[in-house]
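# Overview (structure and organization)
The primary structure of each chain is shown beneath.
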Amino acid sequence: MSETQNQRIPILDLRRQYQSIKSEIDQAIQRVVESGRFILGPEVESFEAEIAAYLGVPHAIGVASGTDALLLALKALGIGPGDAVIVPSFTFFATAGVVANVGATPIFADIDPLTFNISPASISAALKAGTPRRERVKAIIPVHLYGQMADMDEIMAIAHKFGLYVVEDAAQAIGAEYNGKKAGTIGHIGCFSFFPTKNLGAYGDGGLVVTSDDELAERIRMLRVHGSKPKYYHHLVGTNSRLDALQAAILRAKLPHLAEWTRARQRIADRYDELLRGIKSIRLPYRAPNRTHIFHQYTVRVLGGKRDALRDHLAAQGIGTEVYYPLPLHLQPCFRHLGYREGDLPESERASREVLSLPMFPELTREEQDRVVEAIRDFFEQ
Ligand SMILES: Cc1ncc(COP(=O)(O)O)c(C=O)c1O
C-alpha cells in the first residue's frame, strides 16, 4: 500500500477547517481575551444580530447548547408536568430528553422512510380520538434530520388544526430550506446546536433559539439568565444557559464561510450519489422536492442485513463511519415506563438497523472519496 492509501479517512476532520481559517479564528479568540468580556456582551450580541439576519428572523438568542435551546423553548411555551409533546423516535436523544426534563411526556411518532423525518401520518395517528394522552399534547418537535427539513407544510397544518405549538429541532439543518424558507423559521420556535461537529460548529458547546414572537423571545432571553430582568429580579425560574462569548466570536468568524462549506458538502454528496449509484444493496439519500439538503450527514441505507459488516470492513481500511442512531428512542431503557414495544414504530426500527453515515465534511478530497467508494464496492464484490 502507498502512503496515501494507508492514511485514515475520518468521518469528519475539524482540524482541516481550522487550518483553512486559522488567522480569522485566532484573531477572534484574541479579541475576546483582550476585551475581558466573557459573558454575553458585544460578541454575543453581534453574533445574534448576524445570525438573525442570515436566517431572516427578528429574534435570535444564543444559549449554552442545542439541548438547552430545546429545553428553554419548551419552558417558554409553558410546557411542563401533565403535558405531552410529539417527537420522532428516530433522532438524537436530546429531542425527547428535554420533554422529559420539563416534566412532560414524549409521544413517539414514526418516520417517513424516504427522508427519515417525522411522518405527518404518524403525528395524525397520535392525535386521533381515543389515543392515550392525546388530550395532553401541547406541541410537536419535528427534527430536520441529517440536514433535510421535515414536511413542514403538513406539520404546520396539523398543528393549526389541533392548536399545537411547533418547535423545530434544526440542530442538524442550519441553512436548509423548505419552499425557500429556512430551517427553524417556520414553526413558533426554532432551535440550533453549535456542537463542534455541526455544519456551523463552535469550539465547545453552543446553541441558539430563534422566533418571530416578541413575547417568546423576551421569555427565552430571561430564562437563560435565571429568569431575571433586570439582574436579581426574577420573573421566571430559568437557569444559567448563555452562549459563551468566545464561542460567539468563533461562530462570527465561521458564519461568512457557511454558504461555501454547504456548497462543498452538496458537491461531495452529488459525487457520492454518482459513484455509489448502481450498488444494489445501497439506498442513496432521498432528496425531497422543494427542499435543499445541506448534508450534515451523507447517510445511506445498507440493505440485506449487511450494515454492520460493511461498517467493520470500512473500519479495517481506516475509513470512519457512524450509525446515527442505533436504537430508536421509543425502545430506550429510560423510556421503558412509557410502554412502547418493538414493532410499534417499524420505520424507525428499520432505519436504526440500516443507516450508515459516510465521511462528509467540506474538506474531504476527491481521492479520499474515491477510496471510500472503492472500499464499499470491494465489500459487495467479495
Ligand atoms: C437533532 C439534534 N437535536 C438536538 C441536539 C442537541 O444539541 P447539543 O449537542 O448542542 O446539546 C443535537 C446535537 O447534538 C441534534 O443532533
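Residues numbered from 1 in each chain as written. Predicted model: local features only at pLDDT ≥ 70, side-chain atom pairs only at ≥ 80, totals over all residues. Heavy atoms only, no water.

## A word on the side chain of His59
Short version of the rule: Counting from the N terminus, the helices are the DSSP runs of H or I reaching at least four residues and the strands are the DSSP runs of E reaching at least two. For every residue, the accessible area (1.4 Å probe, protein chains only) is compared with the maximum for its type, and the residue is labelled buried under 20%, exposed over 50%, or partly exposed between those bounds. Think of a polar contact as two N or O atoms within 3.5 Å of one another; within protein, one of them needs to be a possible hydrogen donor and the other a possible acceptor, and neighboring residues in sequence only count if both atoms come from side chains. In what follows, residue pairs with any heavy atoms lying within 4.5 Å of each other are defined as contacts.
By secondary structure assignment, the location of His59 is in strand E1 (residues 59–63). The class of His59 is buried, set by a relative accessible area of 17%. Polar side-chain contacts of His59 include one of 2.7 Å to the side chain of Asp214. In this view, His59 contacts Val209, Val210, Thr211, Ser212, Asp213, Asp214 and Ala217; residues no more than four positions away in its chain are not counted.

## Regarding the sheet that holds strand E11 (residues 291–292)
The line we're drawing: Whether two strands pair comes down to DSSP finding at least two bridges between them.
Across the sheet, 3 strands lie side by side as E7-E6-E11; this open sheet has antiparallel pairing. In this open sheet, the two edge strands, each paired with only one partner strand, are strand E7 (181–182) and E11. Across 2 bridges, strand E6 (residues 177–178) lies against E7 in antiparallel orientation. Bridge assignment links Glu177 to a residue of E7, and that residue is Lys182.

## Considerations on helix H4 (residues 42–55)
Working note: α-helix, 3.6 residues per turn, so residues spaced by three or four point in the same direction. What counts, and what does not: For a helix, the expected span equals 1.5 Å multiplied by the number of residues minus one. In this context, the arc is that of the directions from the helix axis out to the C-beta atoms.
Across its 14 residues, H4 extends 20 Å between first and last C-alpha, which sits within 8% of the 20 Å expected from 1.5 Å per residue. Buried within H4 are the following residues: Glu43, Val44, Phe47, Glu48, Ile51, Ala52 and Leu55. For H4, the angular spread of buried residues about the axis comes to 160°, placing them on one side. Residues of H4 that are exposed and point more than 90 degrees away from the buried face comprise Glu45 and Ala53. Just downstream of H4, Gly56 is the residue with a positive phi angle, here 75°.

## Looking at the sheet that holds strand E12 (residues 298–302)
Applied cut-off: Each axis is a line fitted through C-alpha atoms, and for a helix only the stretch in contact is used; angles between axes span 0 to 180 degrees, taken between their N-to-C directions.
Read from one edge of the open sheet, 3 strands run E10-E12-E13, paired in antiparallel fashion. The open sheet terminates on both sides in strands that have one partner only, identified here as strand E10 (282–283) and strand E13 (355–358). Direction of pairing for E12 relative to E13: antiparallel, over a ladder of 4 bridges. Each residue of the ladder has a partner; that of Thr299, found in E13, is Ser357. Where helix H11 (residues 258–276) meets the sheet, its contacts fall on E12 and E13, and the angle it forms with E12 comes to roughly 25°.

## Observations concerning the packing of helix H3 (residues 22–35) against helix H10 (residues 245–254)
Test applied: Angles are sorted into four bins: roughly parallel if under 35 degrees, roughly antiparallel if over 145, roughly perpendicular if 65 to 115, and oblique for all others. For a crossing to be left-handed, the near helix must be turned anticlockwise from the far one by less than a right angle; the clockwise case is right-handed.
Running from N to C, H3 and H10 point in directions that differ by 150°, and their axes come no closer than 9 Å. Taken together, H3 and H10 sit at an angle that is classed as roughly antiparallel. The handedness of the crossing between H3 and H10 is right-handed. Across from Glu24, Ile25, Ala28, Ile29, Arg31, Val32 and Val33 in H3, the residues of H10 making contact are Ala245, Leu246, Ala249, Ile250, Arg252, Ala253 and Lys254.

## Some points on the domain arrangement of the protein chain
Put simply, the test is: Domain start and stop points were drawn from an automatic or database domain assignment. What gets called buried area is simply the loss in accessible area from a 1.4 Å probe that two parts show on being joined, summed for both. We define a salt bridge as a side-chain nitrogen of Lys or Arg found within 4 Å of a carboxyl oxygen belonging to Asp or Glu.
By domain assignment, the protein chain separates into domain 1 (17–109 + 117–256) and domain 2 (257–381). The distance between the C-alpha centroids of domain 1 and domain 2 comes to 25 Å. Every contact between the two is made by 41 residues of domain 1 and, on the other side, 31 residues of domain 2. At the boundary of domain 1 with domain 2, total buried surface from both sides reaches about 3200 Å², with 59% on carbon and sulfur atoms. There are 0 salt bridges connecting domain 1 and domain 2. Viewed at the interface, domain 2 and domain 1 are joined by 20 residue pairs in polar contact (both at pLDDT 80 or more). Every element with two or more residues in the side of domain 1 that touches domain 2 is listed here: helix H6 (94–101), strand E3 (105–109), E6 and H10.

## A closer look at the site of the ligand
Defined as follows: The criterion for a residue being near a molecule or strand is simple. One of its heavy atoms has to lie within 4 Å of it. The Shrake-Rupley method, run with a 1.4 Å probe sphere, supplies the accessible areas, and residue values consider only the shown protein chains as cover. Cavity means a closed set of points on a 1 Å grid over the protein atoms alone, one where a 1.4 Å probe fits but cannot get out, pocket means an open set with protein on both sides within 12 Å along at least 5 of 7 lines, and lining means a residue has an atom within 4 Å of a point. Criterion for pocket placement: a molecule counts as inside a cavity or pocket if more than half of its atoms are within 2 Å of its grid points. Gly counts as polar in this scheme, as do all residues outside two lists: the nonpolar Ala, Val, Leu, Ile, Met, Phe, Trp, Tyr, Cys and Pro, and the charged Asp, Glu, Lys and Arg.
Surveying the vicinity of the ligand reveals 17 residues, the closest of which are Gly66, Thr67, Asp169, Ser193 and Lys198. The side chain of Asp169 places a nitrogen or oxygen atom 2.7 Å from a nitrogen atom of the ligand. For the ligand, whose free accessible area comes to 380 Å², the fraction covered by protein is 93%. When atoms are counted within 2 Å of each cavity's grid points, the one that captures over half of the ligand is the largest pocket. Secondary structure elements with two or more residues in the shell around the ligand: helix H5 (66–76) and H6. Counting residues per element, the shell around the ligand draws most heavily on H5, which supplies 3 residues. Residue composition of the shell around the ligand, by class: 7 nonpolar, 8 polar and 2 charged.

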